[in-house]
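Architecture at a glance
Residue-level listing of the chains:
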Amino acid sequence: VPPTVKQAACLVKIKVYQGEGFPQMDFTVGSMLGQTAGIDAYVRARFGGGHWSKTKVVKSRTPSWMQALLLPVVLPCCSDVIEIAVMDKDYVDSDDIVGVLSLSLSTLQR
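As a starting point, this report considers the structure included with it. Since the structure is predicted, the reported quantities are computational estimates derived from the model, not experimental observations.

1. As for unusual backbone geometry
- Here the bond from L75 into P76 is cis, since omega is -10 degrees, no more than 30 degrees from zero.
- Topologically, P76 is positioned in the loop between β5 (64–75) and β6 (81–88).
- At M66, a position not held by glycine, the phi torsion is positive, near 50 degrees.
- Looking at the element boundaries, M66 is found in strand β5.
- Looking at M66, the relative accessible area reads 56%, which means it is exposed.

Encoded structure:
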């Protein structure tokens, strides 16, 4: 950004309420025996490739977070994309992506 452009810092607030109909992601010995397996779901969000902001992990196929994520943003900036992902926490391997949503910050500012 050229030095003549004045930048302003702000926060983008994303309210995360609940999810429904999530797939079974955790396969255990119990799930092979007919017991219900689930998902250790959390939501993460970031702006412009910055650091992730995350909700708490909820072990449920219908999780309820009732949490707000705050993303620091400096405007104007080179990036315009807010990425929101639902993840399944894996304690042995890397976390699995359940779904991703990409939003344009400029459409949210209108």
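2. Some details on the packing of aromatic side chains
- With the rule as written, the count across this model stands at one aromatic pair.
- For the ring pair F22 and W65, a centre distance of 6.4 Å and an interplane angle of 45 degrees mean the geometry is tilted. Placement of F22 in the loop between β1 (8–18) and α1 (29–32) and of W65 in strand β5 is noted, with a sequence separation of 43 residues between them.
- Taking the ring centre of W52 as reference, the NZ or CZ of R44 above it sits at 3.9 Å.

3. Focus: the nonpolar core
- By size, the foremost hydrophobic cluster in this structure holds 18 residues, and its most contacted members are V12, I14, V43, W65, L71 and I82.
- Mapped by element, the contributors of at least two residues to this core are β1, β2 (40–47), β5 and β6.
- Beyond its immediate chain neighbours, meaning those up to four positions away, W65 contacts V16, Y17, Q18, G19, F22, A41, Y42, V43, T55, K56 and V58.

4. Remarks on the side chain of S53
- Within the element layout of this structure, S53 appears in strand β3 (residues 53–54).
- Since its relative accessible area comes to 16%, S53 is described here as buried.
- Excluding its chain neighbours within four sequence positions, the residues that come into contact with S53 are V43, R44, A45, L69, L70 and L71.

What counts and how
- Residues numbered from 1 in each chain as written.
- Predicted model: local features only at pLDDT ≥ 70, side-chain atom pairs only at ≥ 80, totals over all residues.
- Heavy atoms only, no water.
- Helix = DSSP H or I, 4+ residues; strand = E, 2+ residues; numbered from the N terminus.
- Buried < 20%, exposed > 50% of the residue type's maximum accessible area, 1.4 Å probe, protein only.
- Phe/Tyr/Trp six-rings, centres within 6.5 Å; stacked < 30°, edge-to-face > 60°.
- Lys NZ or Arg CZ within 6 Å of the ring centre and 35° of its normal.
- Core = buried A, V, L, I, M, F, W, Y, C linked by side-chain atoms within 4.5 Å.
- Contact = heavy atoms within 4.5 Å.

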